[in-house]
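Each chain is listed here by its residues.
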Amino acid sequence: MAARFRQLASQLRGTALVAVMMSVGMALVTTAASAQTGVVLASDAFDRPDELPLAVGGNWQRSLSSGAANLAGNRVVGVSGDAVYYWQGPGTFDNTRQYARARVAQTNGQVGLVLLGGSGQALIAVWSNPSGTFSINWYTGGTFQGYLVTGSSALQVGDLIEAELLDGTVYAKVNGTIVASAVNTTSLTAGQPGFETYLTGGSLDDWEAGTPASYSISGTITENAAGLSGVLVSASGAFGASATTDGNGAYFISNVPGGAASVVLTPILAGHTLSPLTRTIAGPVVGNIAGEDFTSTPSSNALVAADNFNRAAEGPLVVGGNWQRSLSNGAANLAGNRVVGASIDAIYYWQGPGTFDNTRQYARARVVQPDRQVGLVLLGG
């Protein structure tokens, strides 16, 4: 039955695939996940005789020589070391937009998905169970280089996991919903998708890879019923980007990854008050989103300076331009389009364009992670 189902799955995609699953009473793919398929360029259902270890030299190759996985019982099973494999079979992948996806078959160990894999290199989204920890890490030259992000994300048997590279940002998903993201600050610029296991206990099935789907968020900002140009609209949360309204007051944010949830839109224009102050897209995003509109009124509560942090990572946050540190013994990083505490008491003040009143000034920011201390500075220097 399982082999027949996988044969049907390889022939039918999208909504047709969902219909087949429901007709046989197997709720294996969520609506969010099925809507994010993208373009499939390679797949391996592992439905063939056991390979002990998994055969390399055909469709698969190992990034590292120190680890191995078996193909046993029509699935990949971790055996030893850090077993990192990349696809070298048919299919041409985009080095800036690629994904790998697989079904979790066993959760007693570590499983992962590879992007930009090659000889001695890989960018890996890793789930470790039963601890429920998660990370995105990378190798080059056969040597472990460190982590882009760490966090928590527990898996269950049957979960669909995915790693996605979309224009410089790495996203990790479970059942179609983003659970973590990080800017790709590695030196890796080209390679193939794949998978990973570590030691024993982890197992994957139904692997596929290709070009991910992406979507857009759009809306219009008006003042006195007319379009307002020059408004900066920033998206934050699981996805970070920004756009500026055109002469008709319209904005368009592209390359929104499928599965983005709790995306907060914040419009800013000096001398104007926007209503509402923010809009939140609950998600997970499974298609283009339009109609995220705002209205504006002139304001005497003038905006003098702003930074949405939507740019390449800075470790630590760069000083000497718009920002300077009040104290020399603390620092923060700019990572994932947000400021993240790094060491001791990191106090920064604005020294970019704008003149502030020393008797009337404010600072305002959105809290992204409440696990530690955050603060706002007045009269800094």
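Note that the structure is predicted; figures quoted are calculated from it, not measured.

Asks: Explain the overall build of the chain here, please?
Replies: For the chain, the count of helices and strands is 3 helices and 28 strands. Sequence separation of 24 or more characterises 61% of the internal contacts of the chain that already satisfy a separation of 6 or more. Approximately 17,700 Å² of the chain is accessible, and the part contributed by carbon and sulfur atoms is 52%.

Asks: I would appreciate a short explanation of the pattern of salt bridges in the present structure.
Replies: Tallied over the entire structure, the rule returns 9 salt bridges. The partner of arginine 48 in a salt bridge is aspartate 44, with the nearest N and O atoms 2.7 Å apart. Put simply, aspartate 307 and arginine 311 hold a salt bridge, and the shortest N to O gap is 2.7 Å. Taking relative accessible area as the criterion, arginine 311 reaches 30% and is therefore assigned partly exposed. One connected set of salt bridges, linked through shared partners, spans Arg101, Glu162, Glu164, Lys173 and Glu208.

Asks: Help me out: how do you make sense of the sheet that holds strand S19 (residues 241-244) in this one?
Replies: Across a sheet, paired strands are connected by hydrogen bonds in the backbone, their directions being either parallel or antiparallel. A sheet is described by the order of its strands in space; here 4 strands give the open sequence S19-S18-S21-S23, paired in antiparallel fashion. The open sheet has two free edges, formed respectively by S19 and strand S23 (279-281), since each of these has just one partner strand. Strand-to-strand twist in this sheet, taken as the mean axis angle between neighbours without regard to direction, amounts to 20 degrees. Of the pairings in the sheet, the one linking strand S18 (residues 232-236) to S19 comprises 4 bridges and is antiparallel in character. Opposite serine 234, over in S19, you have serine 242 as the bridge partner.

Asks: Help me understand the pairing of strand S11 (residues 160-166), please; the structure alone is not making it clear to me.
Replies: In the case of a regular strand, side chains alternate between the two sheet surfaces. Summarising burial for S11: 7 of the 7 residues are buried, a large majority. Alternating positions in S11 separate into two faces, Leu160, Glu162, Glu164 and Leu166 on one and Ile161, Ala163 and Leu165 on the other, with burial throughout. In this structure, strand S6 (residues 97-107) lies alongside S11, joined through 7 bridges in antiparallel fashion. Looking at S11, one finds that tyrosine 99 is bridged to glutamate 164. Linking S11 to strand S12 (residues 169-174), which pair antiparallel, is a turn of 2 residues; within it aspartate 167 sits at a positive phi near 50 degrees.

Asks: I'm lost on the pairing of S6 in this one. Help?
Replies: A large share of S6 lies buried, amounting to 10 of its 11 residues. Sheet topology note: the S6/strand S15 (residues 202-211) ladder contains 7 bridges and is antiparallel. Bridge pairing in S15 links tyrosine 99 to glycine 210.

Asks: Would you explain the packing of aromatic side chains in this entry?
Replies: Note on aromatic pairs: each is described by the distance of the centres and the angle between the planes. For the structure shown, the criterion picks out 12 aromatic pairs. Relative to tyrosine 147, the ring of phenylalanine 144 lies with its centre 5.3 Å away and its plane at 70 degrees, an arrangement referred to as edge-to-face. For the pair phenylalanine 309 and tryptophan 323, a centre-to-centre distance of 6.4 Å together with 20 degrees between the ring planes defines the contact as stacked. Taken together, the residues phenylalanine 309 in the loop between strand S24 (294-298) and strand S25 (323-325) and tryptophan 323 in strand S25 connect sequence positions 14 residues apart. Each member of the pair, phenylalanine 309 as well as tryptophan 323, carries the same accessibility label: buried. In textbook terms, an aromatic cluster arises when at least three aromatic residues are bridged by ring pairs, as seen for Phe46, Trp60, Tyr85, Trp87, Phe195 and Trp207. For the cation-ring pair, arginine 279 lies above phenylalanine 294, with the distance from its terminal atom to the ring centre recorded as 5.6 Å.

Asks: What is the right way to look at the sheet that holds strand S8 (residues 121-128) in this model?
Replies: Taken together, 7 strands build an open sheet; the order of strands is S2-S5-S14-S7-S8-S9-S10 and the sheet is antiparallel. Both edges of this open sheet fall to strand S2 (60-62) and strand S10 (143-152), since each of them pairs with a single strand only. Neighbour-to-neighbour, the strand axes of this sheet turn through a mean angle of 25 degrees, independent of strand direction.

Asks: I tried to follow the nonpolar core on my own but got confused; where do I start?
Replies: A general trend in soluble globular proteins is that nonpolar side chains are found buried together. In this structure, Trp127, Ile161, Phe195 and Trp207 are the most contacted members of the largest nonpolar core, which totals 39 residues. A per-element tally of this core places strand S7 (residues 110-118) first, with 4 residues. The contacts of phenylalanine 195, once residues within four sequence positions are left out, are Phe46, Leu54, Trp60, Val76, Ala83, Val84, Tyr85, Gly112, Leu113, Val114, Leu204 and Trp207.

Calculation notes
- Residues numbered from 1 in each chain as written.
- Predicted model: local features only at pLDDT ≥ 70, side-chain atom pairs only at ≥ 80, totals over all residues.
- Heavy atoms only, no water.
- Helix = DSSP H or I, 4+ residues; strand = E, 2+ residues; numbered from the N terminus.
- Contact = heavy atoms within 4.5 Å.
- Areas by Shrake-Rupley, 256 points an atom, 1.4 Å probe, with all protein chains shown as cover.
- Salt bridge = Lys/Arg side-chain N within 4 Å of Asp/Glu carboxyl O.
- Buried < 20%, exposed > 50% of the residue type's maximum accessible area, 1.4 Å probe, protein only.
- Pairing = 2+ DSSP bridges.
- Axes fitted to C-alpha atoms, helices over the stretch in contact; angles between N-to-C directions.
- Phe/Tyr/Trp six-rings, centres within 6.5 Å; stacked < 30°, edge-to-face > 60°.
- Lys NZ or Arg CZ within 6 Å of the ring centre and 35° of its normal.
- Core = buried A, V, L, I, M, F, W, Y, C linked by side-chain atoms within 4.5 Å.

Note that all results are geometric; they support no functional claim without further evidence.
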